[in-house]
Amino acid sequence: MPRFAANLSMMYTEHDFPDRFAAASADGFQAVEYLFPYAYDAADLRRRLDDHGLRQVLFNAPPGDWDGGERGTAALPGRERETLDGIDRALEYAAALACPRVHVMAGRVRPDATPAELAAHRDTYLANLARAAERAAAAGVDILVEPINGRDMPGYLLSRQADAHAVVREVGAPNLKVQLDLYHCQIVEGDLTTTLRRDLPTGRVGHLQIAGVPDRHEPDEGELDIRHLFGVIDATGFDGWIGCEYVPRAGTSEGLGWLKNLPHDENHRNHRGDHA
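The rules behind each value
- Residues numbered from 1 in each chain as written.
- Predicted model: local features only at pLDDT ≥ 70, side-chain atom pairs only at ≥ 80, totals over all residues.
- Heavy atoms only, no water.
- Pairing = 2+ DSSP bridges.
- Helix = DSSP H or I, 4+ residues; strand = E, 2+ residues; numbered from the N terminus.
- Axes fitted to C-alpha atoms, helices over the stretch in contact; angles between N-to-C directions.
- Contact = heavy atoms within 4.5 Å.
- Buried < 20%, exposed > 50% of the residue type's maximum accessible area, 1.4 Å probe, protein only.
- Right-handed = clockwise from strand over helix to strand, strands pointing away.
- Parallel < 35°, antiparallel > 145°, perpendicular 65-115°, else oblique.
- Left-handed = near helix turned anticlockwise from the far one by under 90°.
- Nonpolar A, V, L, I, M, F, W, Y, C, P; charged D, E, K, R; others polar.
- Core = buried A, V, L, I, M, F, W, Y, C linked by side-chain atoms within 4.5 Å.
- Polar contact = N/O pair within 3.5 Å; in protein donor to acceptor, adjacent residues only side chain to side chain.
- Phe/Tyr/Trp six-rings, centres within 6.5 Å; stacked < 30°, edge-to-face > 60°.
- Lys NZ or Arg CZ within 6 Å of the ring centre and 35° of its normal.

1. Things to note about the sheet that holds strand S8 (residues 241-244)
Pairing is parallel around the closed barrel formed by eight strands, whose spatial order is S1-S2-S3-S4-S5-S6-S7-S8. Across this sheet, the average inter-strand angle for adjacent strands is 30°, counted without regard to direction. Both strand S4 (residues 101-103) and strand S5 (residues 142-145) contribute to a ladder of three bridges, which runs parallel. In the sheet register, Arg101 faces S5, and the bridge partner there is Asp142. Relative to S5, helix H4 (residues 115-138) is tilted by about 155°, and along the sheet it contacts S5 and strand S6 (176-181). Together, strand S1 (3-7), strand S7 (205-210) and S8 form the strand contacts of helix H8 (residues 226-236), whose direction differs from that of S7 by roughly 170°.

What follows is the structure, encoded as structure tokens:
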């Protein structure tokens, strides 16, 4: 079974962010992810990882004006310098945290964008991803792109798995990969079993995430059969991480029954932590 990483932006919010590392470790996690590290000193974050036996497996590059509603700049014409400066900053943190993956957010487009404007957004996105992948390759880091559903993030450029894989193929960089979030995928297009069986064996998927649908709580609540899906993932040979990017319904530790109740061999795999 793939191993599970606690998403510290959504989980353990009953603790201050710096204390979430200890809480995740106490519950048996050996890896974490979160949205952004930049409000904290990289050396302090690294100490917290090391002190609690954790590895950092994912975070996002700077997204532009997050508080102002921006969700990435990589597909925004005229923001190329900012995007690449953000990639450099992310790679500095990735080196300090020994993190092998960075998610680069595309950004939002206007609902009334013309076909020519959409083409310009996509061309900008491809060019920025190619430059980002080149810089990241020198550091041994994968760049990830993620389709995100329009209910949670209206106007986001990338929403379907096929479009993400097309971007990865067109750029052609071996360290550019797809971040497949089963929550977003179920909302946008469903058919998760077929998607996993089709896309995981390609090697283009670098990271998985999961949450319950439709309310983004624990993954065993709602319309997903997670035991079935974990079995499908296992059958493909995927040996990466599954980020637990969900909002606990009533206390993070109290809601981990879904993980603790997995068969012993699956739960054991979560604690091994023997791959990057």
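2. Details of the pairing of S1
Within S1, five of the five residues are buried, which leaves it mostly tucked inside the rest of the structure. Where burial is concerned, the two faces of S1 agree: the one with Arg3, Ala5 and Asn7 and the one with Phe4 and Ala6 are both buried. Where S1 meets S8, four bridges bridge the pair, whose relative direction is parallel. By the bridge assignment for S8, Ala5 is matched with Gly243. Taking the sense of rotation as the criterion, the β-α-β connection linking S1, helix H1 (residues 20-26) and strand S2 (residues 31-33) turns out right-handed.

3. A closer look at the packing of helix H7 (residues 192-199) against H8
As a packed pair, H7 and H8 sit with axes 9 Å apart at the nearest point and diverge in direction by 15°. It follows from the interaxial angle that H7 and H8 lie roughly parallel. The interaxial crossing formed by H7 with H8 has right-handed handedness. Judged by residue contacts, Leu192, Thr193, Leu196 and Arg197 of H7 engage His228, Leu229, Val232, Ile233 and Thr236 from H8. When its residues are assigned to classes, the contact of H7 with H8 shows five nonpolar, three polar and one charged.

4. So, the nonpolar core
Of all hydrophobic cores here, the largest spans 77 residues; its most connected members are Phe29 and Phe59. When neighbours within four sequence positions are excluded, Phe59 is seen to be in contact with Tyr34, Leu35, Pro37, Tyr38, Ala90, Tyr93, Ala94, Leu97, Cys99, Arg101, Val102 and His103. Among the nonpolar cores identified, the runner-up in size contains six residues, and Ala31, Val57, Leu58 and Leu144 belong to it.

5. Some thoughts on the side chain of Asn149
Inspection of the secondary structure puts Asn149 in the loop between S5 and helix H5 (161-171). Given the relative accessible area of 0%, Asn149 is considered buried. Within the local environment of Asn149, its side chain forms a polar contact with the backbone nitrogen of Asp152, the two atoms lying 2.7 Å apart. Filtering out sequence-adjacent residues up to four positions away, Asn149 remains in contact with Tyr183, His184, Ile187 and Val188.

6. Digging into the packing of aromatic side chains
Taken as a whole and judged by the stated rule, the model has twelve aromatic pairs. Relative to Phe59, the ring of Tyr38 lies with its centre 6.2 Å away and its plane at 85°, an arrangement referred to as edge-to-face. Residue Tyr38 is found in the loop between S2 and helix H2 (42-51), and its partner Phe59 is found in strand S3 (residues 55-60); the two are separated by 21 residues along the sequence. Residue Tyr38 shares its accessibility class with Phe59, and that shared class is buried. Measuring from centroid to centroid gives 6.4 Å for Phe230 and Trp258, while their planes differ by 45°, and the two rings are tilted. Highlighted residues: Phe230 in helix H8 and Trp258 in helix H9 (residues 257-260), separated in sequence by 28 residues. Given a relative accessible area of 0%, Phe230 falls into the buried group. In this structure Trp258 comes out as buried when scored by relative accessible area, which is 4%. Seen from the ring of Trp66, Arg71 lies directly overhead, with NZ or CZ sitting 3.6 Å from the centre.

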